[in-house]
Amino acid sequence: MDLGLIAAAGVATGTVLLFAAIGEIFAERAGVLNLGVEGMMLMGAVAGFSTTLSTGNPWLGLVAAMTVGGLLGLLHGIVTIHLRADQVVSGLALTFLGTGLARVLGEGLTNANVERLPALTIPLLADVPIAGPILFHNQSILVYVGFLLVPAAWFWIEKTRPGLHLRAVGESPAAADAQGIGVQRLRLIYVVVGGVLAGLAGATITIAVSPGWFGDQTVNGKGWIAIGLVIFARWNPIRAALGGYLFAAITPWILGLQGVQTILGAENPFLPGRSATFFLEMLPYLFVIAVVIVGSRSAARRRIGAPAALGIPYVRGERGH
Amino acid sequence: VTIRLEPRLTTPRWLSPVLTLGAIVVALVISGAIIALVGGDPIASYLHILNASFGSVGVLSDTLVKATPLILTGLACALAFRMRLWNIGAEGQFLLGAWGASAVVLFPLVPVGTPGIILIPLMMIAGMVAGGLWGLIPGVLRARLGVNEIITTLMLNYIALFWIQFWVFGAWSESGFQQTRTFPTQAWLPRLSDVADAVPAVRGLPVHLGLIFGLVAAGLLWLFLERSRFGYEIRLIGDSPRAARYAGIDIGRRLVIVFAISGALAGLAGMSEVSGSVHRLQDHISPGYGFTAVIVAYLAKFRPGRVVVAAVLFGALILAGREIQPSGVPAMIQGIILFTLILSDVLVRYRIRIGRGGPAVAVPPPGATPPAVAVPPPGATQQGGG
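Residues numbered from 1 in each chain as written. Chains lettered and ligands numbered in written order. Predicted model: local features only at pLDDT ≥ 70, side-chain atom pairs only at ≥ 80, totals over all residues. Heavy atoms only, no water.

### Points about the overall build of chain B
Per the secondary structure count, chain B includes 13 helices and 2 strands. Whereas a compact globule of 386 residues would reach a radius of gyration of roughly 21 Å, chain B reaches 23 Å, a difference of no more than 12%. Projecting the C-alpha coordinates of chain B onto the three principal axes gives extents of approximately 75 × 55 × 40 Å. Residue burial in chain B is summarised as follows: out of 386 residues, 52% are buried. For chain B, the distance from the average position of its 27 positive side-chain charges to the average position of its 16 negative side-chain charges is 12 Å. (Helix = DSSP H or I, 4+ residues; strand = E, 2+ residues; numbered from the N terminus. Rg over C-alpha atoms; globule rule 2.2 N^0.38 Å. Buried < 20%, exposed > 50% of the residue type's maximum accessible area, 1.4 Å probe, protein only. Lys, Arg positive; Asp, Glu negative; His and termini not counted. Charge placed at Lys NZ, Arg CZ, Asp CG, Glu CD.)

Pasting the structure below:
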């Protein structure tokens, strides 16, 4: 196994998780839980893929994916913010809807090949020992977008005035309202931003890092993993990105054990075809559970919990329950 | 122009069922439009679903076979959701239940040739214990460590899938196929067709005893929720956790117990499926019963009796949907139904006012209020809901 190649692939897959997780962080910091990430990613994935297939232009595919993601985010936003429906149920509905609709729209696309977004090698940076080839050699352009998005999202949320307003509507909507901030409008905007980023995450899979459409296996739980990462990251974009890269780098390495003939001189029990290989396949999901446990515990210990108004619709003059 | 939601002070009794029905109709219209857009024929598809699921006694019997696991998993979700506990793990608990029941036969935990009267209850217990333990994990994590149960239950679904594969590809594989050997007939739940010699009309009908399990479980769950102190506490926690805490209810304890019962119900569904319908354990034993159960529970407004009705409807969709092209249509219809149900729920709780200007306040302006004498005591607004 070439560890460098695996790490580089991990950075590419990690970018998918990072987009989805940062999108969810925007929505949750504004006080809206969106469990529809998996559905929005699938719709973004299929929209990006089929648009690229029919137009031959992956950039149009990217735009289509982000638009579809944004529209689904808008749907969730209107239903939960303006119509005050339960955020958990609406998010689950969004995942069911996105999964089913994506399978319908993706019918017959499974064997298609598309033009993918360009990959770039950054001169000089790619020559840095160890990190250079992993981070900057022949990576999709979206990977670099991810590199830029992480600090930008952190800066926006923590250091700017609009970011202050974002945090205010998520932590203390009544106080924000009293300051003249349009709570519902701002929440809607960030839920849509979250949807756009989830759509981008889906397109990152199908037209950038591992092109192709494989039905609902295309996303295969990455939307839920992203939501787990948000908890692990305590709603911080930088920690979410690191978690995403780490998770994506470890997973193929674990699954790569299937390709090794011997472990410590003994025959590898995890060879494909051996039933023990299924325990390897469980590990990423066990890892997510472990990560969420750690995240929940450290959040509780440091008293950095979820945004205080997360999940509670805001109605002027009414207290949440 | 602003859109305002005013809480309804009174809810007419007919409103909720009418809106639920309307939600299903609207969902079918939207789904039909999408089917037409992708080049299908919605009318033909719907007629096919209707015909292939309710068209004759034979297919109706098949529909009930599909509805059986949905009743039990639907009850599992309804119970947890009633407490606002989001158990999305019925799929995994179903699989573990199927595994536990199979283990009794395949290890075997009892001597070969044990009569059904002993074997089947043992399989039921094993299925419920395995499913219940699988449900206990997210329950304990949530109660003790505050870990979000939605993520853990979902991840445990994936893990359960690989657990089943480990057995059916490995130790229990029948000559390399992804399935175990067929169970001996003592491990089969009785079917209607078993009495065909006495009653020729039921020849070939595969409805099995699992349906009775489902109906009995629905009855017991209704008694439990509506007539027991524990059930009352669960409903109180679901409606107002704060009030429950003030009342001194140990929420964590209730939460763990509810999760275990919920898992056991889904586990029984898995047992009933392997013992009553498939007669072996195999990969892909569930076409998503545990996920459809979420929608079944929601459509039933978490009421056990209505779960049975909703399960039959979705059983029909799963049965007949297998032949519908494109293959994602049944899943899509389920998703759209859940969304329109949410919206209908909003209409049950609120009156929508579209008007000009004015702050979006919760208290309606004087002109908009219904006659003051009609204002009922607070408890009365709950009718049709809890």
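There is more to say after this.
### Digging into the overall build of chain A
Looking only at helices and strands, chain A features 12 helices and 4 strands. The C-alpha extent of chain A, read off along each of the three principal axes, is 70 × 50 × 45 Å. The burial tally for chain A puts 56% of its 321 residues in the buried class. Taken as two groups, the 19 positive and 15 negative side-chain charges of chain A have centres that lie 13 Å from each other.

### Observations regarding the side chain of B:Arg280
Residues and elements named next belong to chain B. By the secondary structure assignment, Arg280 is in the loop between helix H10 (251-278) and helix H11 (289-299). Exposure remark for Arg280: the relative accessible area of 17% places this residue in the buried category. Within polar-contact distance, the side chain of Arg280 engages the backbone oxygen of Thr180 at 2.9 Å. Apart from the residues lying within four places of it in its own chain, the contact partners of Arg280 are Glu174, Gln179, Thr180, Arg181, Thr182, Phe183, Val274 and Ile285. (Polar contact = N/O pair within 3.5 Å; in protein donor to acceptor, adjacent residues only side chain to side chain. Contact = heavy atoms within 4.5 Å.)

### Regarding the nonpolar core
Membership of the largest hydrophobic core comes to 205 residues, with the highest contact counts inside it found for A:Met41, B:Phe81, B:Met123 and B:Leu281. When residues of this core are assigned to their parent elements, the largest contribution, 13 residues, is made by helix H6 (residues 149-169) of chain B. Core analysis: the second largest hydrophobic core is formed by 5 residues, A:Val32, A:Ile81, A:Leu188 and A:Val191 among them. (Core = buried A, V, L, I, M, F, W, Y, C linked by side-chain atoms within 4.5 Å.)

### Things to note about the confidence of the model for chain B
All names here are of chain B. Here chain B averages 88 in pLDDT, while 91% of its residues score no lower than 70. Taken as a whole, residues 360-386 scores under 50 in pLDDT and shows 28 contacts with residues more than four places along the chain or in a different chain. Both scores are given for the predicted complex: the pTM is 0.89, the ipTM 0.88. (pLDDT = per-residue confidence, 0-100.)

### Overview of the interface of chain B and chain A
Listed per partner, the contact involves 50 residues of chain B and 48 residues of chain A. For the pair chain B and chain A, the summed buried surface comes to about 4400 Å²; carbon and sulfur atoms form 79% of the total. When the buried area of chain B at its contact with chain A is split by residue, B:Met155, B:Phe162 and B:Phe339 rank highest and sum to 15% of it. There are 1 salt bridge connecting chain B and chain A. (Buried area = accessible area lost by both parts, 1.4 Å probe. Salt bridge = Lys/Arg side-chain N within 4 Å of Asp/Glu carboxyl O.)

### Considerations on the packing of aromatic side chains
By the definition in use, this model includes 25 aromatic pairs over all chains. Look at A:Phe136 and A:Tyr144: their rings are 6.4 Å apart centre to centre, the planes differ by 10°, and that puts the pair in the stacked class. Overall, A:Phe136 belongs to the buried group, its relative accessible area being 17%. Cluster of aromatic residues (ring-pair linked, three or more members): A:Phe279, B:Trp99, B:Phe107, B:Trp163, B:Phe166, B:Trp167 and B:Trp172. Positioned above the aromatic ring of B:Tyr350 is the side chain of A:Arg84, whose terminal nitrogen or guanidinium carbon lies 4.8 Å from the ring centre. Over the face of the ring belonging to A:Phe232 we find A:Arg239, whose NZ or CZ atom lies 5.4 Å from the ring centre. (Phe/Tyr/Trp six-rings, centres within 6.5 Å; stacked < 30°, edge-to-face > 60°. Lys NZ or Arg CZ within 6 Å of the ring centre and 35° of its normal.)

### So, the pattern of salt bridges
All names here are of chain B. Taken as a whole, this structure holds 11 salt bridges over all chains when the rule is applied. The partner of Arg82 in a salt bridge is Asp239, with the nearest N and O atoms 3.5 Å apart. With Arg82 in helix H3 (residues 57-82) and Asp239 in helix H8 (residues 229-239), this residue pair connects regions lying 157 residues apart in the sequence. A relative accessible area of 9% means that Arg82 is categorised as buried. Close ionic contact of Glu174 with Arg280 constitutes a salt bridge, the shortest N to O distance being 3.6 Å. Taken together, the residues Glu174 in the loop between H6 and helix H7 (210-227) and Arg280 in the loop between H10 and H11 connect sequence positions 106 residues apart. Put simply, Arg229, Glu233 and Arg254 are held in one network by salt bridges that share partners.

### Here's the deal with the side chain of B:His208
With respect to the element layout, B:His208 can be found in the loop between H6 and H7. With sequence-adjacent residues up to four places away left out, B:His208 is seen in contact with B:Val65, B:Thr68, B:Leu189, B:Pro190, B:Arg191, B:Ser272, B:Gly276 and B:Ser277.

### Describing a nonpolar patch on the surface
All names here are of chain B. A cluster of nonpolar side chains, contributed by Ile43, Leu47, Leu50, Phe54, Leu60, Val309 and Leu313, occupies part of the molecular surface with about 660 Å² of accessible area. Listed by contribution, the elements that provide at least two residues to the nonpolar patch are helix H2 (42-54) and helix H12 (304-321). Ranked by residue count, the leading element in the nonpolar patch is H2, at 4 residues. Mapped onto the elements, Leu60 comes out in helix H3. Among the residues examined, Leu60 registers a relative accessible area of 34% and is labelled partly exposed. (Patch = residues over 30% accessible without salt bridge, like charges linked within 9 Å, V, L, I, M, F, W, Y side chains within 5 Å. Areas by Shrake-Rupley, 256 points an atom, 1.4 Å probe, with all protein chains shown as cover.)

### Structural notes on helix H12 (residues 277-301) of chain A
Given a rise of 1.5 Å per residue, 25 residues ought to cover 36 Å, and the 37 Å separating the end C-alpha atoms of H12(A) matches this to within 8%. The largest bend along H12(A) measures about 35° and falls at A:Leu283, with the proline A:Pro284 one to four residues further on. (Expected span 1.5 Å × (residues − 1). Bend = angle between axes of the 7 residues up to and from the residue.)

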